[in-house]
Amino acid sequence: MQRREIFKGFALALGVVATRPLAASFSQENSEDKVQPPLDPNLQKRMQQKIENFDTDFPDDIYLTPEKFKLLKQVQSRLARAQEAIGFARFNLLSFDELLKSAANMSQIGPFATDEMSFVEEIFFYDARNYGFYGEKVTDKLTARFDEKDAVKIPGSGHYIFRGRPEALYQEIVRDVGSDIVLTSGIRSVVKQLHLFLSKAIACQGNLSRASRSLAPPGHSYHGISDFDVGKLGWGYRNFTDHFAKSDVFKRLIDLGYVDIRYTPNNSYGVRFEPWHIKVG
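Everything numeric in this text was worked out from a predicted model, so none of it was measured.

> Any chance you could explain the nonpolar core here in plain terms?
The biggest cluster of nonpolar side chains holds 42 residues, and the ones touching the most others in it are L79, L99, F119, I123, Y131, F197 and L198. Taken together, the elements giving at least two residues each to this core come down to β2 (62-64), α4 (66-86), α6 (96-105), α7 (114-125), α9 (190-203) and α10 (208-212). The biggest single contributor to this core is α4, with 7 residues. Non-local contacts of F197, meaning those with residues more than four positions away in its chain, are made with I123, Y131, L208, A211, S212, L215, A216, P217 and P218.

Here is the structure:
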């Protein structure tokens with residue numbers, strides 16, 4: 001297999017997509033999401049093949065060079081140390097500026113090297129459409145931060161959710177579906193999404209296209225503005241697999257009309273089917 005490699009130079013990596021403000025209203029989010037222009041039929045057909053085989057390598061996938069893959073692992077390791085030092089729940093809200101301050105002041109994390117900082121910028125600003133990911137970039141600033149007054153921690157989950165419609169929707173779901181439903185992922189800052197995406201890229205051996213079929217690249221996750229994930233209590237990793245779509249929890253979500261899936265089986269984002277992902281609107 002001939003791999004397409006990227007990041008041979010910093011300038012090559014800068015391809016910023018059109019973005020919207022972080023503070024866009026939920027109604028605007030949903031409106032713009034619904035009028036997403038249709039893709040070319042041939043591209044959609046190819047995308048569907050990749051969605052259905054999301055964990056497969058394809059000849060036109062984009063890979064990191066060996067040098068960049070090594071750098072990726074360095075950055076991911078530093079992020080993992082930061083999550084452990086700062087705390088899992090708090091890490092979900094951490095801004096990039098706060099991360100840098102913590103890294104500089106906490107020896108167990110250590111300051112980011114210059115090449116690590118450049119790599120983070122490359123990942124964030126690179127045009128994810130080159131990966132085959134066609135979701136919108138909903139957070140356009142690497143240093144975007146949350147006002148923590150807008151977040152509420154859900155007891156027993158280790159996650160936060162946005163106040164307002166997201167919190168109300170989650171509480172409605174818990175009330176109507178039952179106590180065996182659990183929040184599996186709520187608010188994710190750019191830092192948290194970066195950590196998740198890089199971890200997935202390592203599991204995919206540097207195949208960024210394959211990683212983006214399972215996780216939105218940093219800046220593209222709706223977890224940063226509204227959405228959240230739910231699962232069945234006690235199911236662990238199975239809540240993030242197709243098994244969840246066969247659970248009694250998911251069936252009750254369907255029956256009660258709560259399921260408005262953003263990443264459907266035939267979505268135009270290039271992302272695997274995510275029955276656990278609750279679209280807020």
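> Would you mind showing me how to read empty space enclosed by the protein here?
Over the atoms, a rolling probe the size of a water molecule traces out where space has been left empty. According to the stated counting rule, one finds 1 cavity of 30 Å³ or more in the structure shown. Looking at the largest cavity, its volume works out to about 100 Å³. Lining of the largest cavity is provided by 13 residues; of these, T139, R188, S189, V190 and G224 occupy positions nearest its centre. Here the residues of the lining of the largest cavity are counted per class, giving 4 nonpolar, 7 polar and 2 charged.

> Can you help me understand α6 in this one?
Each α-helix winds once per 3.6 residues, and so residues spaced three or four apart point in a common direction. Turning to α6, its buried residues are F96, L99, S102 and A103. In an axial view of α6, the angular spread of the buried residues amounts to 120 degrees, which keeps them on one side of the axis. For α6, the exposed residues lying more than 90 degrees away from the buried face are K101, A104 and N105. Looking at the buried positions of α6, the neighbouring elements they touch are α4, α7 and α9.

> Any chance you could explain the sheet that holds strand β5 (residues 181-185) here in plain terms?
Strand pairing in a sheet relies on backbone hydrogen bonds. The paired strands run either parallel or antiparallel. One open sheet accounts for 3 strands, arranged β5-β6-β7; its pairing is antiparallel. The two strands at the open ends of the sheet, each matched to only one other strand, are β5 and β7 (277-278). Looking at chain direction, β5 and strand β6 (residues 228-232) are connected through 4 bridges and run antiparallel. Residue pairing in the sheet places S185 in a bridge with D229 of β6. Contacts from helix α11 (residues 248-255) reach β5 and β6 within the one sheet, and its direction differs from that of β6 by about 125 degrees.

> Help me understand the layout of surface pockets, please; the structure alone is not making it clear to me.
Computed from the structure, the largest pocket encloses a volume of approximately 420 Å³. Taken together, 24 residues line the largest pocket, and the ones lying closest to its centre are R188, L196, L215, D229 and F240. Looking at the lining of the largest pocket, the elements with two or more residues in it are β5 and α9. Per-element accounting of the lining of the largest pocket gives the leading share, 4 residues, to α9. The residue makeup of the lining of the largest pocket, split by class, is 9 nonpolar, 9 polar and 6 charged.

> Looking at this structure, I do not really get the environment of D255. What am I missing?
Position of D255 among the secondary structure elements: in helix α11. By relative accessible area, which is 67% here, D255 ends up exposed. Residues D255 and V177, 78 residues apart in the sequence, show an inter-C-alpha distance of 9.7 Å.

> Sorry if this is basic, but what is going on with the packing of α7 against α9 here?
A packed helix pair is summarised by two numbers, namely the angle formed by the two axes and the spacing between the axes. Two elements in contact, α7 and α9, have axes separated by 12 Å at closest approach and are oriented at 90 degrees. As far as their axial angle goes, α9 and α7 are roughly perpendicular. Along its contact with α7, which presents F119, V120, I123 and F124, the element α9 presents V190, L194, F197 and L198. By residue class, the composition of the contact of α7 with α9 is 8 nonpolar, no polar and no charged.

What counts as what
- Residues numbered from 1 in each chain as written.
- Predicted model: local features only at pLDDT ≥ 70, side-chain atom pairs only at ≥ 80, totals over all residues.
- Heavy atoms only, no water.
- Core = buried A, V, L, I, M, F, W, Y, C linked by side-chain atoms within 4.5 Å.
- Buried < 20%, exposed > 50% of the residue type's maximum accessible area, 1.4 Å probe, protein only.
- Helix = DSSP H or I, 4+ residues; strand = E, 2+ residues; numbered from the N terminus.
- Contact = heavy atoms within 4.5 Å.
- 1 Å grid on protein atoms, 1.4 Å probe; cavity = no way out; pocket = protein on both sides within 12 Å on 5 of 7 lines; lining within 4 Å.
- Points joined across faces, edges and corners; volume = space filled by probe spheres on them.
- Nonpolar A, V, L, I, M, F, W, Y, C, P; charged D, E, K, R; others polar.
- Arc of directions from axis to C-beta.
- Pairing = 2+ DSSP bridges.
- Axes fitted to C-alpha atoms, helices over the stretch in contact; angles between N-to-C directions.
- Parallel < 35°, antiparallel > 145°, perpendicular 65-115°, else oblique.

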